[in-house]
Amino acid sequence: QVQLVESGGGLVQAGGSLRLSCAASGRIVSLYTMGWYRQAPGKQREAVATIINSGSTTYADSVKGRITISRDYAKNTIYLQMNSLKPEDTAVYYCWATGSYWGQGTQVTVSS
């Protein structure tokens, strides 16, 4: 069984920065593809960023150049560094991993 625990969400002003963390525990976690989704009220869940075991990454067009996904294998943790935040980034951010594992979500609110 895999467990994912997110942290780092909160309130930030437009133009500010925030770093989300997702700590994973369980069997063969280091071999999993992991990533972040987000969902705003009334909108579909959107894939934000993905990182595979080799370190390759993909990003949604809406966040390219402003966010970076990274992985700390020693801590079994992935991060989402978000800069130049916009009100449109306001959403609940979810961590996921191979095997349909999901975190509980962490709220990010960007004020203007």
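Remember, it's a predicted structure, so these values are computed and weren't measured experimentally. Throughout, a residue's number is its position along its own chain's written sequence, starting from 1. Restriction of local features to residues with pLDDT of at least 70 applies here, the model being predicted, together with a cutoff of 80 or more for giving and counting side-chain atom pairs; totals for whole chains, interfaces and linings are based on all residues. Excluded from the side-chain calculation are hydrogens and water; included are all heavy atoms of the structure.

(A) Highlighting the packing of aromatic side chains. Note on aromatic pairs: the rings of Phe, Tyr and Trp (six-membered ring only in Trp) are paired at centre separations within 6.5 Å, and the planes decide the class, stacked below 30 degrees, edge-to-face beyond 60, tilted for the rest. Going through the model one piece at a time under the given rule, you end up with three aromatic pairs. Centre to centre, the rings of Tyr32 and Tyr101 are 6.4 Å apart; their planes meet at 20°, and the pair counts as stacked. A residue pair is termed long-range when its members are at least 10 positions apart, and Tyr32 in the loop between strand 3 (18-25) and strand 4 (34-39) and Tyr101 in strand 10 (residues 101-102) qualify at 69 residues. According to the relative accessible area criterion, Tyr32 is buried, its value standing at 16%. Taken together, a centroid distance of 6.0 Å and an interplanar angle of 70° make the contact between Tyr37 and Trp96 edge-to-face. Remark: Trp96 occurs in strand 9 (residues 91-97) and Tyr37 occurs in strand 4; sequence separation between them is 59 residues. Only lysine NZ and arginine CZ atoms are considered, and such an atom sits over a ring when it is within 6 Å of the ring centre and within 35 degrees of the ring normal. Looking at Arg45, its charged tip hangs above the ring of Tyr94, at a distance of 4.0 Å from the centre. In this structure, Arg45 is placed above the aromatic ring of Trp102, and the distance from its NZ or CZ to the ring centre is 4.8 Å. Helix and strand assignments come from DSSP, with helices taken as H or I runs of at least 4 residues and strands as E runs of at least 2, each series counted from the N terminus. Note on exposure labels: buried denotes an accessible area under 20% of the residue type's maximum, exposed denotes more than 50%, and partly exposed covers the range between, all computed with a 1.4 Å probe on protein chains only.

(B) Representation of the nonpolar core. Counting residues in each nonpolar core, the largest one holds 28 residues, and the members touching the most others are Met34, Trp36, Leu80, Met82 and Tyr93. Broken down by secondary-structure element, the contributors of at least two residues to this core are strand 3, strand 4, strand 5 (46-51), strand 7 (67-72), strand 8 (77-82), strand 9 and strand 11 (106-111). Residues belong to a common nonpolar core when they are buried Ala, Val, Leu, Ile, Met, Phe, Trp, Tyr or Cys residues joined through side-chain atoms within 4.5 Å.

(C) How the structure looks around the pattern of salt bridges. Should a side-chain nitrogen of Lys or Arg be within 4 Å of a carboxyl oxygen of Asp or Glu, the pair is scored as a salt bridge. Under the defined criterion, the tally for this structure stands at four salt bridges. Of the charged contacts, one joins Glu46 and Arg38 as a salt bridge, the two residues approaching to 2.9 Å between their closest N and O atoms. For Glu46, a relative accessible area of 28% gives the class partly exposed. According to the relative accessible area criterion, Arg38 is buried, its value standing at 7%. With a shortest N-O distance of 3.0 Å, Arg38 and Asp89 are connected by a salt bridge. Here Arg38, found in strand 4, pairs with Asp89, found in the loop between strand 8 and strand 9; they are 51 residues apart in sequence, far enough to count as distant.

(D) Structural context of the pairing of strand 4. At least two DSSP bridges between two strands are required for those strands to pair. As paired strands, strand 4 and strand 5 are joined by five bridges and run antiparallel to one another. Along strand 5, the bridge assignment pairs Tyr37 with Ala47. Between strand 4 and strand 5, which follow one another and run antiparallel, lie six residues, and Gly42 among them has a positive phi close to 80°. Here strand 4 runs beside strand 9; their pairing, made up of six bridges, is antiparallel. Bridging from a neighbouring strand, Arg38 pairs with Tyr93 of strand 9.

Take it as geometry only, folks, not as evidence of what the structure does.
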